[in-house]
Amino acid sequence: MPPAPLPVILDVDTGVDDACALLLAARHPALDLRAVTCVAGNAPLDLVVANTLTVLDVAGRHEVPVAAGAGRPLLEDPADARHVHGRDGMGDLGRPRSARVPQPVHAVELLRSQLMAAARTGEPITLIPLAPLTNIALLLRTYPAVAQGISRVLFMGGSASTGNATASAEFNVFHDPEAAAIVLDACAALGVPVTMYGLDVFYEPQVTAAQAGELIAADPAGPAGLAGELIAYQCARFESQSATIGDAGAVCAAIAPGGIVTRTLPVRVELSGRHTRGRTVVDQRDPLTHDPHGRPDAVVDVAVDVDGAAFSRLWLDTVGFHTVGGGC
């Protein structure tokens, strides 16, 4: 018998690449998508929720509960990335909006109920945050007992090398550095394993503009068509012949963990530097014999390499139902 699907919850700020990830998580048979929670990031919270419901409807997953969470970072003023993701946060594709509304509870409460239920059944959930970590920080500090229902946190964010929001910082961590620091600290204290799928591997899984066209032609109104439109938008936006599946790579890592190479390394989040705020300081010294700051509590499995072609194929096969040719 095949193994039981892996129970997962996605925390998103949908977002073009979050939409790519949602399509994969909603359609792949190896995953049991229990819920989706929303946080402000790529777009304001109301647009994030609308985009998320739209994607799930297109994917045929109307039953998946969706809840709205934090509408701003813990300390910073809110600032979105619609200059990258479009006015509506999802490529201004003109897709019909969902008639559904989110759950009448805060995202933290939906996360709590799902994770405590998982703890009671002995079926812990893989939590996959693809957004600023505000919701997850609030959750772990307010309800630390939920750690019993988390098998691991696999988050898209950070970098061991360069940034994208700034020269130092990746967007999700830069948007709410305090939240990222709290999550790493809380996971270390609560014994929750953490995997960081950061910019070091983020851009490797690519889909071509030609493949996007095939997806659109194969299923214009359905999941393949939406997937193709998301890639085509990015290709046009960046004047490129291919685009990354972005956050969907983190979902690929949950489905096929052998597709990434990780190193277990101490990680800190820089909170004060004028030019380095939001940087994930990944200590790659070997051996680490002395540091005047002491050793960080957070020791994280940091993704340092990825089989980009395999992840691209996994995504294409899932959202396109084997309708798209090779050439990644």
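Here goes a summary of the coordinates provided.

Conventions and cut-offs
Residues numbered from 1 in each chain as written. Predicted model: local features only at pLDDT ≥ 70, side-chain atom pairs only at ≥ 80, totals over all residues. Heavy atoms only, no water. Helix = DSSP H or I, 4+ residues; strand = E, 2+ residues; numbered from the N terminus. Contact = heavy atoms within 4.5 Å. Pairing = 2+ DSSP bridges. Axes fitted to C-alpha atoms, helices over the stretch in contact; angles between N-to-C directions. Core = buried A, V, L, I, M, F, W, Y, C linked by side-chain atoms within 4.5 Å. Buried < 20%, exposed > 50% of the residue type's maximum accessible area, 1.4 Å probe, protein only. Parallel < 35°, antiparallel > 145°, perpendicular 65-115°, else oblique. Left-handed = near helix turned anticlockwise from the far one by under 90°. Nonpolar A, V, L, I, M, F, W, Y, C, P; charged D, E, K, R; others polar. Expected span 1.5 Å × (residues − 1). Salt bridge = Lys/Arg side-chain N within 4 Å of Asp/Glu carboxyl O. Patch = residues over 30% accessible without salt bridge, like charges linked within 9 Å, V, L, I, M, F, W, Y side chains within 5 Å. Areas by Shrake-Rupley, 256 points an atom, 1.4 Å probe, with all protein chains shown as cover. Phe/Tyr/Trp six-rings, centres within 6.5 Å; stacked < 30°, edge-to-face > 60°. Lys NZ or Arg CZ within 6 Å of the ring centre and 35° of its normal.

**A few points about the side chain of His-28**
Phase 1: Relative to the helices and strands, His-28 is located in the loop between helix H1 (16-27) and strand S2 (31-38).
Phase 2: Excluding residues that lie within four positions of it along the chain, His-28 makes contacts with Ile-255, Leu-314 and Thr-318.

**Section: the sheet that holds strand S10 (residues 280-282)**
Phase 1: Within the open sheet, the nine strands sit side by side as S3-S2-S1-S4-S5-S6-S11-S9-S10. Their pairing is mixed. Each of the sheet's edge strands pairs with one partner strand only, and the pair in question is strand S3 (66-68) and S10. Pairs of neighbouring strands in the sheet enclose a mean axial angle of 30°, with direction left out of account.
Phase 2: With two bridges connecting them, strand S6 (residues 194-197) and strand S11 (residues 299-306) associate as parallel partners. Along S11, the bridge assignment pairs Thr-195 with Asp-301.
Phase 3: This element, H1, spans strand S1 (6-12) and S2 of the sheet and lies at about 160° to S1.

**Concerning the nonpolar core**
Phase 1: One finds Leu-10, Leu-33, Leu-130, Tyr-197, Ile-231, Val-251 and Trp-315 to be the most contacted residues of the largest nonpolar core, which totals 65 residues.
Phase 2: If we ignore the near neighbours within four places in the chain, the residues touching Val-251 are Leu-10, Ala-21, Leu-24, Ala-25, Leu-31 and Leu-130.

**Description of the packing of helix H4 (residues 107-121) against helix H5 (residues 134-142)**
Phase 1: Packing of H4 against H5 leaves a shortest axis separation of 9 Å and a crossing angle of 60°. What the angle tells us is that H4 and H5 run oblique. At the point where H4 passes H5, the crossing takes the right-handed sense. Residues Ala-107, Val-108, Leu-111, Arg-112 and Leu-115 of H4 pack against Asn-135, Ile-136, Leu-138 and Leu-139 of H5.
Phase 2: For the contact of H4 with H5, the per-class residue count stands at seven nonpolar, one polar and one charged.

**Observations concerning the pairing of S11**
Phase 1: As paired elements, strand S9 (residues 260-269) and S11 share seven bridges and run antiparallel to each other. If you follow Val-261 over to S11, its bridge partner there is Asp-305.

**Overview of helix H7 (residues 177-190)**
Phase 1: Here H7 is 14 residues long and its end C-alpha atoms lie 20 Å apart, about the 20 Å a rise of 1.5 Å per residue gives.
Phase 2: Of the residues making up H7, those classed as buried are Pro-177, Glu-178, Ala-179, Ala-180, Val-183, Leu-184, Ala-186 and Cys-187.
Phase 3: Against H5, strand S5 (150-156), helix H6 (171-175), S6, S9 and S11 lie the buried residues of H7.
Phase 4: The positive-phi residue at the C-terminal boundary of H7 is Gly-191, with phi of around 75°.

**Some thoughts on the environment of Asp-307**
Phase 1: With respect to the helices and strands, Asp-307 occurs in the loop between S11 and helix H12 (308-320).
Phase 2: According to the relative accessible area criterion, Asp-307 is partly exposed, its value standing at 40%.

**Here's the deal with helix H11 (residues 248-255)**
Since the α-helix advances by 3.6 residues per turn, residues separated by three or four positions end up pointing in the same direction.
Phase 1: For H11, the buried fraction is high: eight of the eight residues fall into the buried class.
Phase 2: Every buried residue of H11 is accounted for by Ala-248, Gly-249, Ala-250, Val-251, Cys-252, Ala-253, Ala-254 and Ile-255.

**Details of the pattern of salt bridges**
Phase 1: With the rule as written, the count across this model stands at 14 salt bridges.
Phase 2: Between Arg-82 and Asp-80 there is a salt bridge whose closest N-O contact spans 3.0 Å.
Phase 3: Between Arg-112 and Glu-109 there is a salt bridge, and its shortest N-O distance comes to 4.0 Å. Linking Arg-112 with Glu-109, this pair stays in helix H4, spanning three residues, or about one helical turn.

**Re a nonpolar patch on the surface**
Phase 1: Together, Leu-74, Leu-75 and Leu-138 line one region of the surface with nonpolar side chains, adding up to about 250 Å² of accessible area.
Phase 2: Mapped onto the elements of the fold, Leu-138 is located in helix H5.

**Looking at the packing of aromatic side chains**
Phase 1: Summed over the entire model, instances satisfying the criterion amount to one aromatic pair.
Phase 2: Relative to Tyr-203, the ring of Phe-202 lies with its centre 4.9 Å away and its plane at 85°, an arrangement referred to as edge-to-face.
Phase 3: Over the aromatic face of Tyr-143 sits the side chain of Arg-112, whose NZ or CZ is 4.0 Å from the ring centroid.
Phase 4: Over the aromatic face of Phe-238 sits the side chain of Arg-237, whose NZ or CZ is 5.1 Å from the ring centroid.

**Considerations on the pairing of strand S4 (residues 125-129)**
Phase 1: Most of S4 is tucked away: five of the five residues are buried.
Phase 2: Neither face of S4 is left uncovered, since the one carrying Ile-125, Leu-127 and Pro-129 and the one carrying Thr-126 and Ile-128 both have all their residues buried.
Phase 3: Relative to S4, S1 is paired through four bridges, and the arrangement is parallel. Opposite Asp-11, over in S4, you have Pro-129 as the bridge partner.
Phase 4: Note that S4 and S5 share three bridges and pair parallel.

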